Amino acid sequence: MTAAELIAYAAFEGGVFSQAFPAFGVERRGAPVQAFVRFSDEKVRLRSQIYEPDYIIVQDPTLIGDVDVFKGMKAGGIAIVNTEKSDFDSGVPEGVKVYTIDATTIALEELGVPITNTTLMGAFAAATGEIGLEPLEHALRSRFSGSMADKNVKAAERAYNLIGGAA
Amino acid sequence: MALRVGCAAAPGKARENKTGAWRVFKPVFDPEICTKCGMCALVCPEGCIRETEEGTFEPDLDYCKGCGLCVEVCPKKAIRMEKEEK
Amino acid sequence: MLEFMEGSHAVAEIVKRCRPQVISAYPITPQTHIVEDLAQMVANCEIDAEYITVESEFSALSACLGASAAGSRVYSATTSQGLALMFEVCFNVAGMRQPIVMTIANRSLGAPLSIWNDQQDSISLRDSGWLQFYAEDNQETADLHMIAYKVCEDHDILLPAFVCFDGFILTHTFEPVSLPTQEEVDAYLPAFNPYQRLDAENPLSFGMYATPDYYMEFRYEVDRAMQRAKQAFVKAGREFGEQFGRDYSGLVEGYRLEDADTALVAMGSICGTVKDAVDEMRENGRKVGLLKIRTYRPFPAQEIADALKGVSKVAVLDKNISLGNGGAVGIEVKTALYGSGISVYDYIIALGGRDVRKRDIAAIVDLAEKGKGDMFYGLRTEVL
């Protein structure tokens, strides 16, 4: 949820209306939570969950196989997957571009904890071009303070540059 | 599937919910160093560390969430955390 | 200025600016973030309020009742089972005419246990004497708190109010909200001026027993005050619009109802989804509109009848069920339109957090136009 909140906040900072909300799902293997983000030039009124995402972020790759994380994605969609495996290709629909990033390792190195929200946010910004580095950093600095802010900005920037090179 | 009246459930439902996949790190037990004190099994919040026939201990990785409390409590440092490949 | 924040946080921020003097609440999902934020604000001396921690919702509202009777502006928040536990105190608060404002983070009632959204909790307190306002988004949620205090504390009203917003769907959603400054709120909402209060110098007792010679008259007076609250809400909503530019002078609000043949009627956050669905149906040439009910108590029967003049079919969306006789809003809309010749169909939807999409709204309009209704919509028949 934190990743969704931060992405929506950064998008809002970038000048559009946005909305972020969680869906606390039923307990099932490795799928404790989903969160959704919408942004638009108009005020967002729609409150239903998102069934045909333009973009997805998979925080935990062990989900893949148990849950069809790509469900509803169309050609032109972009997926960001947190995985160590660079040859990842399981179940990707036709026309969906996948960026892989080992966000867990980056988060461990930069933050000291395996919490990947801000790292994946950097990857999302670079892969989709929907958020600039500046509103991203602004969002992180208003959510975190002091050295935590610095560390999270660094994690996000590392991912941004890594994906930016690949995109 | 028919709904059971009153949303009643038979025991054992929690066992179907294998929470091991939530883990980032897994505990690795070294039975050579283990003195069989059983503290690890005692503190495990999931109750998923069991005694082997030899009297040493091992985790059930289907349920272990990787909290690392067993590592903290082990007086002989016979358990270490290892990052899992995902 | 728009700021990006969580719905619960927006509520805490606006409550802070309403300057409550006593807050008492017991945490329960999905209301928790509101009272956590407020407890923090009190601890940080950002609000000059007493925060009374208690062991249950029953105690929370009881503490609020005493504090209100002593002449304080009082705030609380709860949901679901927590509101159920307050049942008895709710009737006492209204009967003792204490203008307490309480946020309801709408959630279903167990059993089966469910933390997710529907409106069964507040609807079940329909007859308690509390005003009930339902918000479509977090902006409206925040704004309605200011209006609620203004209406409740009016000496012609003196009743408590629920400000209801959908659990998770709004409480946990981050979106842009414009919050007025403290000075702006102070200009709209003057300090609480109690009509009468507990005072050691001039002793009073509240909620004395009433014999059969008097009880009915007291109930009649509460009902009269509830009826007067319609005009008070319109006035407070209009003043709000004049000061802040967001108009809440309507107990109901129409959306694309002009020339509509079929009208949907709904309350709360689903109205946003319905508006998007209406726009899509309109693009396909279908004459559909929405009537949003903002005040469920007092119930705007006449306003509904006026707004729906000219439509031939009405589809009411009920996020609750009065078990044994359909949805609570549907029942009352049918009463309001009795004799009008308009066909009213009721649809029980979204219980226990079942998601509702634009295509569901379109499907409900199809059903209404075929004359099929008074039913649960979206049942998973395969598990029955």
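The numbers attached to residues start from 1 for each chain and follow its sequence in the written order. As a convention, the first chain written is A and the first ligand written is 1, with the rest following in written order. Confidence filtering applies because this is a predicted model: local features only for residues at pLDDT of at least 70, side-chain atom pairs given and counted only at 80 or more, and all residues used for totals across whole chains, interfaces and linings.

Caption draft 1: Molecular detail of the nonpolar core. Think of a nonpolar core as buried Ala, Val, Leu, Ile, Met, Phe, Trp, Tyr and Cys residues chained together by C-beta atoms that fall within 7 Å. Our exposure labels follow a C-beta count within 10 Å of each residue's own C-beta, placed from the backbone: buried means 20 or more other C-beta atoms, exposed means 12 or fewer, and partly exposed covers the counts in between. Ranked by internal contacts, the top residues of the largest apolar core, which has 169 residues, are I7 and A123 of chain A together with V151, V265 and V314 of chain C. A run of H or I in DSSP counts as a helix once it spans at least four residues, and a run of E counts as a strand once it spans at least two, with each numbered from the N terminus. Tallying contributions element by element places helix α1 (residues 2-13) of chain A first for this core, with 9 residues. Once residues within four sequence positions are removed from consideration, V314 of chain C is found in contact with A263, V265, L308, V333, L337, I342, S343, V344 and Y345 of chain C. With 10 residues, the next largest nonpolar core counts F29, I49, C74 and I79 of chain B among its residues. Two residues qualify as being in contact provided that their C-beta atoms, derived from the backbone, are within 7 Å of each other.

Caption draft 2: Representation of the sheet that holds strand β15 (residues 375-376) of chain C. Residues and elements named next belong to chain C. Two strands pair if DSSP finds at least two bridges between them. The strand order across the open sheet built from 6 strands is β9-β11-β10-β13-β14-β15, with neighbouring strands paired in mixed fashion. Lying at the two open borders of the sheet, with one neighbouring strand each, are β9 (252-255) and β15. Alignment of strand β14 (residues 343-348) against β15, held across 2 bridges, turns out to be parallel. Paired with Y347 across the bridge in β15 is M375.

Caption draft 3: Seen up close, the interface of chain A and chain C. Contacts between the two partners involve 15 residues from chain A, matched on the other side by 17 residues from chain C. Contributing elements (two or more residues each) for the side of chain A that touches chain C: α1 and β1 (17-24) of chain A. The element contributing the most residues to the side of chain A that touches chain C is β1 of chain A, with 5 residues. In this classification, the charged set is Asp, Glu, Lys and Arg, the nonpolar set is Ala, Val, Leu, Ile, Met, Phe, Trp, Tyr, Cys and Pro, and all remaining amino acids, among them Gly, are polar. Counted by class, the side of chain A that touches chain C contains 9 nonpolar, 3 polar and 3 charged residues.

Caption draft 4: Spotlight on the sheet that holds strand β2 (residues 22-25) of chain C. Residues and elements named next belong to chain C. Taking strand neighbours across the sheet as the criterion, the 7 strands line up as β3-β2-β4-β5-β7-β6-β12 in an open arrangement whose pairing is mixed. Edge strands, defined here as strands with exactly one partner in the open sheet, are β3 (50-53) and β12 (295-297). On average, each strand axis in the sheet is tilted by 20 degrees relative to the strand beside it, whichever way the strands run. Two strands pair when backbone bridges link them, and strand β5 (residues 101-106) and strand β7 (residues 161-166) are joined in this way by 6 bridges, in the parallel orientation. Residue pairing across strands places M102 opposite F162, the latter belonging to β7. Helix-sheet contacts for helix α3 (residues 57-69) involve β2, β3 and β4 (74-78), and the interaxial angle to β4 is about 165 degrees. Angles here are taken between N-to-C directions and fall from 0 to 180 degrees, while the axes themselves are lines fitted to C-alpha atoms, restricted in helices to the stretch in contact.

Caption draft 5: Examining the packing of α3 of chain C against helix α5 (residues 87-95) of chain C more closely. All names here are of chain C. Relative orientation of the contacting elements α3 and α5 amounts to 15 degrees, with a least axis distance of 9 Å. Classed by the angle they form, the pair α3 and α5 counts as roughly parallel. For the element pair α3 and α5, the recorded crossing hand is left-handed. The residues of α5 that touch α3, namely those facing F58, L61, S62 and L65, are V89, C90, N92 and V93. The residue inventory of the contact of α3 with α5, partitioned by class, reads 6 nonpolar, 2 polar and no charged. These descriptions rest on fixed angle ranges, namely under 35 degrees for roughly parallel, over 145 for roughly antiparallel, 65 to 115 for roughly perpendicular, and the rest for oblique. Note: crossing handedness is left-handed where the near helix turns anticlockwise from the far helix by less than a right angle, and right-handed where it turns clockwise.

Caption draft 6: Expanded view of helix α10 (residues 270-283) of chain C. Residue and element names in this part refer to chain C. Taking 1.5 Å of rise per residue, the 14 residues of α10 would be expected to cover 20 Å, and the 20 Å separating its terminal C-alpha atoms lies within 8% of that figure. Along α10, the residues that are buried comprise I270, C271, G272, T273, V274, K275, A277, V278 and M281. On its buried face, α10 sits against β9, β10 (262-266), β11 (288-293), β13 (313-318) and α13 (358-369). Two residues or fewer past α10, G285 is found with a positive phi of approximately 80 degrees. Between the first and last residue of a helix there are one fewer steps than residues, each counted as 1.5 Å, and that sum is the expected span.

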